[in-house]
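Below, each chain spelled out in residue letters.
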Amino acid sequence: MTPLAALNTLRTRIVLGEAALVAGLMVVAVIGIGALRTVRSTVTRELEALTAVSAQSNTLVTTLFEQMRAAEQYLADGSLEAVNAFRTGGETAHAYQRRLQALPGLAESDRVVISQIQSLQAEAEVLFSYAHAQRDLGRRADALAGAELARAQASEMLRLLSLASASQGARAEATARSLEHAATDRELLVWTVLVASVLVAAAIAVATLRSVERPMARLAAAARRFGDGDLRPVALGDMPAELAELGDAMYRLGGALRTLVSEVVQESERMATAAEDLSAISEQLAATAGDVSTAMEEVSSGAQKQVAGLAESSNAAQTLYEAALDAGRASRRVGELGGEIHRLAETYSTDIGAASTALVELRNLVQHTAQQVEELDKLSEPINEFIDLIKQISSQTNLLALNAAIEAARAGEQGVGFSVVAEEVRQLADTSAQAAEKVSGTIKTIRDQVAAMGETMAFGRAQARGVGSVSRGAAEALRQIVGAVAEIEKESQRVAGQAQRNLSEIEHIKLALLSASDAAQTHASSSEEVAAAAQQQGASTQEMAAQATTLHRAADHLRSLVRGFRS
Amino acid sequence: MVACGSSDQPIVIGLAGPFSEPSGQSMQLAAQLAVAEINQQGGIGGRQIELAVRDDSGSVGVAVRVARYFYDSLDVAAVVGHMGSEATLAAARVYNGGDNPLVSISPSASNPYVSDAGPYTFQVCPDDDVHGAQLADWAYRQLGARRVAVLYENDADGRGLRASFSQSFTELGGRVVSEDPFSPALPGFEPYLTRIRLRGGADALLLAGTLYGAQRLLTTLNSLQYNQTILGGDGIDGIEAFDVGAEGIYISLGYLPDQPGPRNDAFKSAYQEMYGGRLPDHRGAGAYDIVYLLSRIIERVGTNRSRIRDYLAGVGTEAEPFDGVTGSIAFDSAGNVVDRSVVIGVVRNSQIVSAEIQ
């Protein structure tokens, strides 16, 4: 992961924000501690320096006074004790001066003053020693004169000592002031860094909240759109990596749903077209069956007329002569009727052939539709997988929200804003789960519909098979009618030919007539059979039409369902 | 950093001492001789040396002002000086302070406290402890003296030599009969000398002081017609040139013009040639060595003050000892000059010669 990409995760942002705050506080702490230490060590150092200087100075002053007192005392009493005190005092004073000079906390001006004091003390020592020597030699006046010179040096030295003490006091005051300034400066710096680090941390917190809130709002809007059935692609824009992952999943879900819906729409369109075709063929078939039925009724009435005609011929045989005269007419009439029957039978044979062809087409169509319905059923499988995916995403999101809520709780006050965000994430997960359930229900409805359609298709297919056998029976009956009619024609022609010549043949004619009457009765019953079959076919066709309507309605319903999705 | 500054800018070395007084003259002349020699040979890495000479009169106050001037002149790389311990100690407070401390090397400040004055303060001469011990030994063993009166200049050098001599002499079994301080302000030596005489006299007098003090004391002795064996520290080096009856005075010295060695021969002849036959004293020889030592260091590390100090402190440990006219110069880890021996000279025919080769 590149550093820039790492910056675009909620985790990194929260860590950065916390780190900035902690770093700022640490800087404040370091500066604070450093300031305290500096002030403390400075105070300690300055105080030590001042203490050391003033201690050495005080001892030096005391020693110098003591030495000068001893010098005066020796002049007065010449005691060994005084001269020893004078000498020891001098050595001690020189040592103290050296130590004083070695102190680091001494100003240069102070050093110059100490050097001057040292010089004056050296002079005073020399002059007092000189005076002492004069005194030892008994030259009291010279001794007093020498002492006078020494005292001048000594008093100048003591004056400088008092000046040095005063400068020590001034120096202590200046030190205190500079310490106060330093402390104030450090305090200001601490406050500045503190405020700056709080501002930086707040800025990072606000930026992080925004970087969560805005993408979350966009994701929620996208989820709502999906829920409302608007599956068009959504531009989610830049967002932190975790949310971007969620956005990607939603984007993929939308794409998958869009593909699915468009395929369902196509299938339902195709199904509707098939149902319409089926409906049209059913109607055509029904019309054809009606025609067959009508024709058959006509055949039947023709046959009855023939039977009546033949009965009449039989009665007229008694009166053969006139009957023979009529026989030619009757035979012609029979020939005409037979021709008519033949014609009709031919005509309906063609119609039935057409109907049979239409029925085969219908069967094929129904089988094809059944295949498509099965395919549709198969297509719903991936939808279930997508629903599973959505459920998975929502449960992961739920988990993420829970983690975020825990992190937010851990962050304490800083995490309050983020816990609201976490709750929103969790709600979004719930919404996603609900949407998934809704889509699952819809898909189940579609599958049920598809299953119902499959059953209808199976029934239609069985019916189509029945229609085939009926139409074959009708065709067979017609062929028999045509054969019988052809014989009638032949016989009637023969009757017509013989009626002129032979009365004796009346019996034969009677027999022929009886035979013809039997055939006619057979014809009539065959015709009724055909009519019944045609009627039954018509009923089947109507039922099929009703099924086609059901199929059409199912297709329409399917179409209206998927029309809810805008892809 | 070695090539600090442009090559046409001279390298500045400070020189501080009481040059208006007789004791300080050889120091200035020898330092100037060394600078002239180095510049004639092309300077240091092509850059000439410029000597910034400041007279401190041997006074503490003036020494501090001079030190402040050198310290604040950032082009001053190091200082040769000061001459006496009093001035050197006072100036050391300035040189060792602040953010940009400055090296000072004294040719003749012999007080033991000088090497403790700060990390930037050095001396190349033997200190008073060495002088005092050597003088005490000479007085007790060579001169057979048992009673010695001490007259000391009441400054750092005088008190230092007095203390070390008295201790060593007492330890040898001798007796210090008196210790009397003097200074230029002293009205006269006569009361001290009279008192010594009244109290039983002394086999020898130790004169722990300056050239001026020695002149005054010798004049007084002459006027009182006291014939006294006199010993002196190196502070009175140069007394031989004055007509004050200095014949026979013993002086302890870290350097004698007649000490053997080719380096010293070359130095002595160059000095005599340049300054009309005069001989250098121990202060001059020390200053001459210090100028050469500094030029060698600056050639290595440039003019950065702290780098000069660090290299100088390592001479004898991290770097080779410096072979000068006064002998080998080396410092121990505490910055004290080591192995500086003292010889006893004696004034003969207005010249100081080695007393041991008598």
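Computed from a predicted model, the values in this text were never measured in an experiment.

Asker: Can you walk me through the overall build of chain B in this structure?
Answerer: The secondary structure content of chain B amounts to ten helices and 14 strands. Looking at chain B as a whole, 54% of its 358 residues qualify as buried.

Asker: What's the story with the sheet that holds strand β4 (residues 104-106) of chain B in this structure? I'm lost.
Answerer: Within a sheet, neighbouring strands are paired by backbone hydrogen bonds and run either parallel or antiparallel to one another. All names here are of chain B. Across the sheet, which stays open at both edges, the five strands sit in the order β2-β1-β3-β4-β5 with parallel pairing between neighbours. Looking at strand neighbours, the two that pair on one side only are β2 (49-55) and β5 (121-123), the edges of this open sheet. Put simply, the sheet's adjacent strands are angled 25° from each other on average, direction ignored. When strand β1 (residues 11-17) meets β2, the two strands line up parallel, connected through seven bridges. Across the sheet, I11 pairs through a bridge with I49, a residue of β2. Where helix α1 (residues 22-40) meets the sheet, it contacts β1, β2 and β3 (76-80), and its direction lies at approximately 170° from that of β2. Here helix α9 (residues 282-301) sits on the sheet in contact with β1, β2, β3 and β4, set at roughly 155° to β3.

Asker: Would you take a moment to explain the nonpolar core for this structure?
Answerer: Considering soluble globular proteins, one finds that nonpolar side chains tend to be buried as a cluster. In terms of nonpolar packing, the biggest core is built from 141 residues, with A30, A31, A91, L206, L207, Y288 and V291 of chain B touching the most fellow members. At eleven residues, helix α4 (residues 108-136) of chain A tops the list of elements feeding residues into this core. Other than its neighbours up to four places away in sequence, V291 of chain B contacts I13, A31, A34, V35 and V80 of chain B. The next biggest cluster of nonpolar side chains, apart from the first, holds 36 residues, and it includes V264, A408, V421 and V450 of chain A.

Asker: Is there a simple way to think about the packing of α4 of chain A against helix α2 (residues 60-72) of chain B in this case?
Answerer: Axes are the key here: two packed helices are described by the angle between their axes and the distance separating the axes. Where α4 of chain A contacts α2 of chain B, the axes come no closer than 9 Å and their chain directions differ by 155°. Considering the angle they form, α4 of chain A stands roughly antiparallel to α2 of chain B. For the pair α4 of chain A and α2 of chain B, the sense of crossing is right-handed. Of α2 of chain B, the residues touching α4 of chain A (which contributes V112, S115, Q116 and S119 of chain A) are V60, G61 and V64 of chain B. Of the residues contributing to the contact of α4 of chain A with α2 of chain B, the split by class is three nonpolar, four polar and no charged.

Asker: Honestly, unusual backbone geometry in this entry has me stumped. Any pointers?
Answerer: The phi angle of most residues is negative, glycine excepted, and most peptide bonds adopt the trans form. All names here are of chain B. With omega at -10°, the peptide bond leading from G81 into H82 counts as cis. Take H82: it is sitting in the loop between β3 and α3 (85-95). A positive phi angle, near 55°, is found at S57, a position not held by glycine. Relative to the helices and strands, S57 is located in the loop between β2 and α2. Taking the number of C-beta atoms within 10 Å as the measure of exposure, S57 has 16 and is therefore partly exposed. Phi at Q225 is positive, roughly 55°, even though this residue is not glycine. Of note, Q225 is situated in the loop between α7 (211-224) and β9 (229-232). Accessibility expressed as a C-beta count within 10 Å gives 6 for Q225, which makes it exposed.

Asker: Would you mind going over the pairing of β9 of chain B with me for this structure?
Answerer: Two faces, one strand: in a regular strand the side chains alternate between the faces of the sheet. Residues and elements named next belong to chain B. As paired elements, strand β8 (residues 204-208) and β9 share four bridges and run parallel to each other. Directly across from L206, in β9, lies its bridge partner L231. Here β9 pairs with strand β10 (residues 250-253) via two bridges, running parallel. Across the sheet, residue L231 finds its bridge partner in β10, namely Y250.

Asker: Sorry, what's going on with the interface of chain A and chain B here?
Answerer: Frequently, the measure chosen for interface size is the accessible area that the parts lose on association. In this assembly, 21 residues from chain A lie in contact with 21 residues from chain B. Looking at the side of chain A that touches chain B, the elements with two or more residues in it are α3 (80-102) and α4 of chain A. Broken down by element, the side of chain A that touches chain B gets its largest block of residues, 16 residues, from α4 of chain A. Broken down by class, the residue content of the side of chain A that touches chain B amounts to seven nonpolar, eight polar and six charged.

Rules of the game
Residues numbered from 1 in each chain as written. Chains lettered and ligands numbered in written order. Predicted model: local features only at pLDDT ≥ 70, side-chain atom pairs only at ≥ 80, totals over all residues. Helix = DSSP H or I, 4+ residues; strand = E, 2+ residues; numbered from the N terminus. Buried ≥ 20, exposed ≤ 12 C-beta atoms within 10 Å, placed from the backbone. Pairing = 2+ DSSP bridges. Axes fitted to C-alpha atoms, helices over the stretch in contact; angles between N-to-C directions. Contact = placed C-beta atoms within 7 Å. Core = buried A, V, L, I, M, F, W, Y, C linked by C-beta atoms within 7 Å. Parallel < 35°, antiparallel > 145°, perpendicular 65-115°, else oblique. Left-handed = near helix turned anticlockwise from the far one by under 90°. Nonpolar A, V, L, I, M, F, W, Y, C, P; charged D, E, K, R; others polar.

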